[in-house]
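Overview (structure and organization)
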Amino acid sequence: DKFKEGLSKTRGSFSSKINDLVARYRKVDEDFFEDLEEILISADVGVTTVMDLIDELKMEVKRRNIKDSNDVKEVISEKLVDIYYGEDDETIEDLNIHHDGLNIVLFVGVNGVGKTTTIGKLAHRLKNEGKKVVLAAGDTFRAGAIEQLEVWGERVGVEVIKHSEGSDPAAVIFDGIQAAKSRGADVLLCDTAGRLQNKVNLMNELSKVKRVIEREVPGAPHEVLLVLDATTGQNAMSQAKTFSESTNVTGIVLSKLDGTAKGGIVLAIRNELDIPVKFVGLGEKVDDLQQFDPNAFVYGLFA
Ligand code: GDP
């Protein structure tokens, strides 16, 4: 239900456009597909993904001999899910944090996308699952980032390891790991800085943090989650490209999906970059982080 509520903007815009399309065209012809293409692109599905999708749809409509535009709706949902998964198995992708000992999740992303908020919400989720969680305040650059993480730590009742503003993030993460180990924690969530103005420095800093993690905990980081702001559309897409070129991003958190009518970006990210969307942010509150379920997402758009 949270999922449905959070998607109301996208659903409102998308389903009314599709219904309108179906009402305008009784027959499924070339013009129908052209209009559908436009609707999908305007929902930020992404041009490449839309082209693939339209091709698939045309083939399926022909194969099933569908003539009535109303019957295409079902096929559209099916193909949207198919395009999300591509060649992969259709499962909901869980976080890779179920190893014995300490599991480490590294968060990356540009300032303002919702990184700190996501860490707070995820800490809450994991704690509710019975895990012992520690946070490391690795964003030592943005003014207020450390305090903001501390507020979240207090809110959800987990410990935050920090140094002062401007200190070396790799040293904070190192201390975070030692603290998490000595407390017998299951998961350490690491915040990092997100200034993209100086891309080379940022990427070097991330590499250094990653090296510390790899050295201290074999097999870690178990997840590198890139947080993207759904309301920034194609900008989010280019951030995803930048980060995935320099770091091994294992999953995406798409924040602020509640704030956009263009939720189609989810499909584009997975289809074009082949990185799974593991969570979506659907609001600013502590329980507004949901595991991403492509089926629920797509069928929710038409509900
Ligand atoms: P950071 O700079 O990446 O750490 O971003 P913050 O965590 O400070 O988030 C920036 C703003 O986005 C804050 O005002 C958050 O409350 C807001 N925000 C984060 N996630 C969501 C979300 O899923 N939905 C909405 N509506 N707002 C969000």
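This text gives an overview of the structure that appears in the document. Bear in mind the structure is a predicted one, so any value in this text is a computation, not a measurement. In this numbering scheme, every chain counts its residues from 1 along its sequence in written order. Local features in this predicted model are restricted to residues of pLDDT 70 or higher, and side-chain atom pairs are both shown and tallied only at a pLDDT of 80 or more, whereas totals for entire chains, interfaces and linings draw on every residue. Water and hydrogen atoms were dropped before computing side-chain values, which therefore reflect all heavy atoms in the structure.

1. Topic: the site of the ligand
It suffices for a single heavy atom of a residue to lie within 4 Å of a molecule or strand for the residue to be listed as near it. What surrounds the ligand is a group of 17 residues, the closest being Gly-112, Lys-115, Thr-116, Thr-117 and Glu-284. Polar contact is defined as a pair of N or O atoms within 3.5 Å, subject to the rule that within protein one atom must be able to donate a hydrogen and the other to accept it, and that residues adjacent in sequence are counted only when both atoms are side-chain atoms. Contact between the ligand and Gly-112: an oxygen atom at 2.6 Å from a main-chain N or O atom of the residue. Measuring from an oxygen atom of the ligand, one finds a side-chain N or O atom of Arg-142 at 3.3 Å. Here the accessible surface of atoms and residues is derived via Shrake-Rupley with a 1.4 Å probe, and residues count as covered only by protein chains that are part of the display. Alone, the ligand offers 580 Å² of accessible surface; in the complex the protein occludes 80% of this. Secondary structure follows DSSP: runs of H or I at least 4 residues long count as helices, runs of E at least 2 residues long count as strands, and numbering of each begins at the N terminus. Of the residues forming the shell around the ligand, the biggest block, four residues, is contributed by helix H6 (residues 115-128).

2. Examining unusual backbone geometry
Cis geometry marks the peptide bond from Ala-220 to Pro-221, where omega comes out at -5°. With respect to the secondary-structure elements, Pro-221 resides in the loop between helix H9 (199-216) and strand S5 (223-229). Even without being glycine, Asp-44 reaches a positive phi, approximately 65°. When you line up the elements, Asp-44 lands in the loop between helix H3 (30-42) and helix H4 (47-63).

3. Re the pattern of salt bridges
Salt-bridge detection follows one rule: a side-chain nitrogen of Lys or Arg within 4 Å of a carboxyl oxygen of Asp or Glu. According to the stated counting rule, one finds 20 salt bridges in the structure shown. Salt-bridge contacts for Asp-20 lead to Arg-24; the nearest nitrogen and oxygen are separated by 3.5 Å. Of this pair, Asp-20 and Arg-24 both sit in helix H2 (residues 8-24), four residues apart, roughly one helical turn. Working definition: with a 1.4 Å probe on protein chains only, accessible area under 20% of the residue-type maximum means buried, over 50% means exposed, and in between means partly exposed. The class for Asp-20 is partly exposed, based on a relative accessible area of 40%. When its relative accessible area of 48% is taken as the criterion, Arg-24 is described as partly exposed. When the shortest N-O distance is used, the salt bridge between Asp-274 and Arg-270 registers 3.8 Å. Taking relative accessible area as the criterion, Asp-274 reaches 55% and is therefore assigned exposed.

4. Examining the pairing of strand S7 (residues 277-281)
Taking burial as the measure, the five residues of S7 include five buried ones, the bulk of the element. Pairing between strand S6 (residues 251-255) and S7: three bridges, direction parallel. Considered in S7, the bridge of Leu-254 is made with Val-280. Handedness of the β-α-β unit built from S6, helix H11 (residues 265-273) and S7 comes out right-handed. Any two strands with at least two DSSP-identified bridges between them are counted as paired. In this sheet, strand S8 (residues 289-291) lies alongside S7 in antiparallel orientation, the contact comprising three bridges. Residue pairing across strands places Gly-281 opposite Leu-289, the latter belonging to S8. Convention used here: a crossover is right-handed provided that the path from the first strand, over the helix, to the second strand proceeds clockwise when the strands point away from the viewer.

Keep in mind that these numbers describe shape and distance, not what the molecule does.
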